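Topology and contacts: notes
Listed below, chain by chain, are the residues.
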Amino acid sequence: MAPRKYKEYSNDLRELAIKHFQSGISERNIAQKVLIPCTSVHYIISKYKSTKCIGNIIGRGRKRKTTVHVDRCIRRKIMANRRISSSAIKTELLSELGIAVFESTIKRTSHEAGLFGRVARKKPYVNKLNRTRRLEYARTHQEKPLGFWNRIIWSDESKFTYSAQMER
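Residues numbered from 1 in each chain as written. Predicted model: local features only at pLDDT ≥ 70, side-chain atom pairs only at ≥ 80, totals over all residues. Heavy atoms only, no water.

The name an unreviewed UniProt entry gives the chain is Transposase Tc1-like domain-containing protein, with Rotaria magnacalcarata as the organism.

**Section: the overall build of the chain**
For clarity, the threshold we go by: Strands are runs of DSSP state E lasting at least 2 residues, helices are runs of H or I lasting at least 4, and numbering of each runs from the N terminus. Only protein chains enter the accessibility calculation, which uses a 1.4 Å probe; a residue whose area is less than 20% of its type maximum is buried, one above 50% is exposed, and one in between is partly exposed. For every accessible area listed, the method is Shrake-Rupley and the probe measures 1.4 Å; residues are considered covered only by the protein chains on display.
The helix and strand inventory of the chain stands at 8 helices and 0 strands. For the chain, the proportion of its 168 residues judged to be buried stands at 19%. Carbon and sulfur atoms make up 54% of the accessible area of the chain, which totals about 14,800 Å².

**A few points about the packing of aromatic side chains**
Going by this rule: Two rings from Phe, Tyr or Trp (for Trp, the six-membered ring) form a pair when their centres sit within 6.5 Å of each other. Planes less than 30 degrees apart are called stacked, planes more than 60 degrees apart edge-to-face, and all others tilted. Distance and angle both matter: a charge sits over a ring if NZ of Lys or CZ of Arg is within 6 Å of the ring centre and within 35 degrees of the ring normal.
This structure, assessed with the given rule, holds 1 aromatic pair. Judged by centre distance (5.1 Å) and plane angle (80°), the ring pair of Phe148 and Trp149 falls under edge-to-face. Classification of Trp149 as partly exposed rests on a relative accessible area of 24%. Sitting above the plane of the Phe148 ring, Lys144 keeps its charged end 4.9 Å from the centroid.

**A closer look at the pattern of salt bridges**
For the record, the criterion: The salt bridge criterion pairs a side-chain nitrogen of Lys or Arg with a carboxyl oxygen of Asp or Glu, the two atoms within 4 Å.
Using the criterion set out here, one finds 5 salt bridges in the structure. Here Glu92 and Lys77 are joined by a salt bridge, their closest N and O atoms 3.2 Å apart. Placement of Glu92 in helix 5 (residues 86–96) and of Lys77 in helix 4 (residues 68–80) is noted, with a sequence separation of 15 residues between them. Of the charged contacts in the structure, one is a salt bridge between Glu96 and Lys77, with a shortest N-O distance of 2.8 Å. Taken together, the residues Glu96 in helix 5 and Lys77 in helix 4 connect sequence positions 19 residues apart. A single salt-bridge network, built from bridges that share partners, covers Arg64, Asp71 and Glu112.

**A closer look at the packing of helix 5 against helix 6 (residues 103–112)**
For the record, the criterion: Orientation is described by lines fitted to C-alpha atoms, with helices fitted over the stretch in contact, and by angles between N-to-C directions that extend from 0 to 180 degrees. Here is the rule for angles: anything less than 35 degrees is roughly parallel, anything more than 145 is roughly antiparallel, 65 through 115 is roughly perpendicular, and the remaining ranges are oblique. Contacts are assigned to residue pairs that have any heavy atoms within 4.5 Å of one another. Residue classes follow a fixed rule: Ala, Val, Leu, Ile, Met, Phe, Trp, Tyr, Cys and Pro count as nonpolar, while Asp, Glu, Lys and Arg count as charged, and any other residue, Gly among them, counts as polar.
Where helix 5 meets helix 6, the closest approach of the two axes is 9 Å, and the angle between their N-to-C directions is 105°. On the basis of their axis angle, the class for helix 5 and helix 6 is roughly perpendicular. On helix 6, the residues that touch Ser86, Ser87, Ile89, Lys90 and Leu93 of helix 5 are Glu103, Ile106 and Lys107. Considered class by class, the residues forming the contact of helix 5 with helix 6 number 3 nonpolar, 2 polar and 3 charged.

**Some thoughts on helix 6**
How we decide: Note: the arc covers the axis-to-C-beta directions of the helix.
Buried within helix 6 are the following residues: Thr105, Ile106, Thr109 and Ser110. Angularly, the buried residues of helix 6 cover 135° about the axis, an arc narrow enough to put them on a single face. In the core, the buried residues of helix 6 are packed alongside helix 4 and helix 5. Two residues or fewer past helix 6, Gly114 is found with a positive phi of approximately 85°.

Have a look at this one:
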């Protein structure tokens, strides 16, 4: 098992170490000149020898569990029914494609596609009777002057109840 590397060095520093190596300087002297540990110099040189590359190797990090096809399937399911939950999509993917993914993966995939979950704002239901009464009120008071509305006290639709028992 290879020892763990804790620090990544810039490409300029790696390039400098490789130039010193190509000029014939030992690893210990390169480490003193570049001010990095001998083991890091050794890893930079051995990587350069095997790959002829100074930069990072592509493919680092955890691989995606979902493919492009599965991501597209998740997006299609969300667009077909915007109210579907990630747990429902998870069960559908398991039954249809045989792929088990976490709900967080589904949410992350939808966020990458620009689809975010929202909660609908709660507002009171206005039935037909109240709708006609509101419209009638607006039509009767439409032509009132601005001074008329200065004498009106608005309660912001708060309901106040006066009880005779409260006076005792």
